[in-house]
Amino acid sequence: MSQNEGFKRFVELGRVVMVNGGKDAGKLAVIVEIIDHNRALIDGPSNGVPRQVASYADITLTPYVVKGLPRSAGSKVVAKLYEKVGVQAKWEASSWAKKLAARKRRAELTDFERFQVMKLKKQRRYEVRSKSAKA
């Protein structure tokens, strides 16, 4: 049994992470330097995440990696490679980002919009049941 069996995302230089808490919650950043077993230096100049030390408990590893990122790279280098790899486009096309966007949209619904969703669900349920009863 190999040592890495079962794991696909590792803490490494260039790994794109999503910040979980604080004012930058939900934004993407890149691991620029690994400090120790509990913390990493992250930077997200394209998304407005300032260069900061983040605990691994406060970030989530994504499947995307910015290849060729040197250790302790400056914000300009990180932004350039981030854009070159096209991480933002890949992220927006992922099902993870789509679920987060749908969750956010649903949380922002007004009372009347929630009522409309309920009525549409009832209407759809009625259509499905009537067609399955005929079949």
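Residues numbered from 1 in each chain as written. Predicted model: local features only at pLDDT ≥ 70, side-chain atom pairs only at ≥ 80, totals over all residues. Heavy atoms only, no water.

A. Expanded view of the pattern of salt bridges. Tallied over the full model, the rule gives seven salt bridges. For Asp 36, the salt bridge goes to Arg 39, with nearest N and O atoms at 3.2 Å. (Salt bridge = Lys/Arg side-chain N within 4 Å of Asp/Glu carboxyl O.)

B. Looking closely at the sheet that holds strand E2 (residues 28-34). The sheet built from five strands is open, its strands ordered E4-E3-E2-E1-E5 with antiparallel pairing. In this open sheet, the two edge strands, each paired with only one partner strand, are strand E4 (49-55) and strand E5 (59-65). Between one strand axis and the next, the sheet turns through 40° on average, direction left out of account. The pairing of strand E1 (residues 15-19) with E5 spans four bridges and is antiparallel. Each residue of the ladder has a partner; that of Arg 15, found in E5, is Val 65. Across the sheet, helix H1 (residues 75-85) lies against E2, strand E3 (39-44), E4 and E5, angled at about 125° from E2, the strand it touches most. Across the face of the sheet, helix H3 (residues 95-107) comes into contact with E1 and E5 while running at roughly 135° to E5. (Pairing = 2+ DSSP bridges. Helix = DSSP H or I, 4+ residues; strand = E, 2+ residues; numbered from the N terminus. Axes fitted to C-alpha atoms, helices over the stretch in contact; angles between N-to-C directions. Contact = heavy atoms within 4.5 Å.)

C. Broad picture of the nonpolar core. Within the largest apolar cluster, 15 residues are counted, with the highest numbers of intra-cluster contacts made by Val 16, Val 30 and Val 66. Of all elements in the fold, only E1, E2, H1 and helix H2 (87-93) reach the threshold of two or more residues within this core. With near-sequence residues (within four places) excluded, Val 30 lies in contact with Gly 14, Arg 15, Val 16, Leu 41, Ile 42, Asp 43, Val 66, Leu 69, Val 78 and Tyr 82. Membership of the second largest hydrophobic core comes to ten residues, among which are Val 19, Ile 31, Ile 42 and Leu 61. (Core = buried A, V, L, I, M, F, W, Y, C linked by side-chain atoms within 4.5 Å. Buried < 20%, exposed > 50% of the residue type's maximum accessible area, 1.4 Å probe, protein only.)

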